[in-house]
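Residues per chain are reported as follows:
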Amino acid sequence: MDEDLKSIAAARGSADSAFEAYQAFLGTDPAQVDAIVDAMARAIEPEAKRLGELAVEETGYGNVPDKRVKNLFNALSVADYLRDVTTLGMLWRDDTTKVAAFGEPMGVVAALIPVTNPTSTVIFKVLSAVKAGNAIVCAPHPRGVKCGMETVRIMARVAEQMGAPKGLIQCLDQVTIQGTAELMRHRRTSVVMATGGPAMVKAAYSSGKPTLAVGAGNVPCYVHKSRAHDIGEVAEQIITSKCFDYGTACVSEQAVIADREIARELRQELKMRGAYFCTPAESDRLAKVIFAGKQAMNPERVGQSPQALADAAEFSIPPRTRILVSDETEIGWHRPLSAEKLNPILAFYEARDSDHGIDLSHRIAKFEGWGHSSVVHSDDPEIVAKFASIPTGRVLVNTPGILGGMGYSTDLEPSFMLGTGTWSGSITSDNVTALHLINIKRVAYESRPWRDIYDEYGE
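For every chain, the first residue of the written sequence is number 1, and numbering continues from 1 along that sequence. For this predicted model, a pLDDT threshold of at least 70 governs which residues receive local features, and a threshold of 80 or more governs which side-chain atom pairs are given and counted, while totals over whole chains, interfaces and linings are taken from all residues. Think of the side-chain values as coming from all heavy atoms in the structure, minus any hydrogens and water.

As for helix α2 (residues 30–44)
The test is simple: Here a helix means four or more residues in a row that DSSP labels H or I, a strand means two or more in a row labelled E, and each is numbered from the N terminus. Working rule for helices: expected span equals 1.5 Å times residues minus one. Each residue is placed in one exposure class: buried if its accessible area under a 1.4 Å probe, protein chains only, is under 20% of its type's maximum, exposed if it is over 50%, and partly exposed if it falls in between.
The end-to-end C-alpha distance of α2 is 21 Å, a good match for the 21 Å that 15 residues give at a rise of 1.5 Å each. Buried within α2 are the following residues: Val 33, Ile 36, Val 37, Asp 38, Ala 39, Met 40, Ala 41, Ala 43 and Ile 44.

What follows is the structure, encoded as structure tokens:
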């Protein structure tokens, strides 16, 4: 049997058995569901580093310390958030209008897992799906099957020990594009959660099933002159966010736009904290290394260290470099480094004034990142208000892009799936949570005499 047929067979078997488990799980007391979710999260905590090691070893992307943090964010912060959220049973009631809302599971969730976050995304989606009373089948990237399966194994074993039916939480062990497509369109699949590249997201929306998907994130970061007094902190936030897990997160900053008055000082602060500003020739060589052509990132260069990227582009950098920076003035595919870069590479623009800075930010977001996220550093509320007109689902103020966007340093919902809205063809611009994985049933009593319609609208 060829690999596609094996994967299709595995997808069909998993979808069928997941549906059976879902039916057995229906009606489970919400308190028991919460206990299962808590137990899975606790089981991940001591394994966070090991799973990070497995992910880096198998995919070759990112670094272990940051993979560990990503895993723990989902096992701790996401789990803490879910503990206080009601997803099943009565959600709310209004005695005045005589309407009550009840949460019910959707069914079987087909969860597409990206190679850039092959364990942390599994943790997030499993916790969210089960919290909502669903079964889940994870479809990892072929390059992340082993670490994805191990993450699911840990969570499924604990869930079953807590009383969850066998098969409620699964991971495909035979993965091809055809097999993943079969899982998405299978008659037992109720909803698709798609995280990955543009081709995967397009396939998810073409599956014929309700789909929650994300888009690319070309995140602009505008630094206004009002932050001159704390420019060192701004520089540290930008570098920490961009170098985190070697730039594998879509919500990390992609381009810094600095007011002319503070641009020189910001450059210096970035350099002091480990930024290497490339020469024009080095930037051109870097672009050829990380892109395989127009709109095509070289998958072998995603999530690589600055040193590895510099070596590939044949130039030297200081030993403790954290990010590479390219001075840019234009936006578009004729300047590839103005696009999304899933590695520790940052574009740097100088703005004539705030209007120019906000305009550049708009143009960068619309190029390759419409709908995702944007960052502004400013102490001027009027500037923040103007910047907030940018077409992104998240506008993050005075905080690192990755930590603010995923809901750690802001009060956004903790999530590892950030919707991009209709700007980029997504159904939601929210930080996706378990609340997106339930159907809401409304029970409504008569609140006015039904015959009144003839008095009100009669001839």
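The rest of the description comes next.
Comments concerning the pairing of strand β6 (residues 189–194)
We apply this condition: Two strands make a pair as long as DSSP finds a minimum of two bridges between them.
Burial of β6 is extensive: five of the six residues sit out of reach of the surface. Across five bridges, strand β3 (residues 108–112) lies against β6 in parallel orientation. Residue pairing in the sheet places Leu 112 in a bridge with Ala 194 of β6. Sheet analysis places β6 next to strand β7 (residues 211–213), joined by three bridges and oriented parallel. Following the sheet pairing, Ala 194 is matched in β7 by Ala 213.

A word on the side chain of Thr 116
Rules: Pairs of residues are marked as contacts when any of their non-hydrogen atoms sit within 4.5 Å.
As for its placement among the helices and strands, Thr 116 is situated in the loop between β3 and α5 (120–131). Owing to a relative accessible area of 11%, Thr 116 belongs among the buried residues under this scheme. Each residue touching Thr 116, except ones within four places of it in the same chain, is listed here: Tyr 61, Lys 67, Lys 70, Asp 245, Thr 248 and Val 302.

Things to note about the pairing of strand β14 (residues 345–351)
The buried count for β14 comes to six of seven residues, which makes it a mostly enclosed element. Taken together, the four bridges between strand β13 (residues 323–327) and β14 define a ladder with parallel strand orientation. Bridged to Val 325 within β14 is Leu 346.

Details of the pattern of salt bridges
Which entries qualify depends on this criterion: Salt bridge, as applied in this entry: a Lys or Arg side-chain nitrogen positioned within 4 Å of an Asp or Glu carboxyl oxygen.
Inspection of every chain in the model, using the stated rule, returns 25 salt bridges. Ionic pairing is found between Arg 12 and Glu 182, a salt bridge with its closest N-O pair at 3.0 Å. Within this pair, whereas Arg 12 is found in helix α1 (residues 3–25), its partner Glu 182 is found in helix α7 (residues 177–185), the two being separated by 170 residues in sequence. Linked by salt bridges that have partners in common, Glu 47, Arg 50, Glu 150 and Arg 153 make up one network.

Concerning the packing of aromatic side chains
Describing an aromatic ring pair means giving the distance of the ring centres and the angle of the ring planes. Worth spelling out the cut-off: Centres within 6.5 Å are what make two rings of Phe, Tyr or Trp a pair, Trp counting through its six-membered ring; a difference in plane orientation under 30 degrees is then read as stacked, over 60 as edge-to-face, and the rest as tilted.
Scanning the entire structure with this criterion turns up seven aromatic pairs. Where Tyr 276 meets Phe 315, the ring centres are 6.1 Å apart and the plane angle is 20°; that geometry is what we call stacked. Highlighted residues: Tyr 276 in strand β10 (residues 275–277) and Phe 315 in the loop between α12 (306–312) and β13, separated in sequence by 39 residues. Taking 5.5 Å as the distance between ring centres and 75° as the angle between the ring planes, the aromatic pair formed by Trp 333 and Phe 367 counts as edge-to-face. Linking Trp 333 in the loop between β13 and β14 with Phe 367 in the loop between α13 (354–366) and β15 (371–377), this pair joins segments that are 34 residues apart in sequence. With respect to burial, Trp 333 and Phe 367 carry one shared label: buried.

Keep in mind these numbers describe shape, not what the thing actually does.
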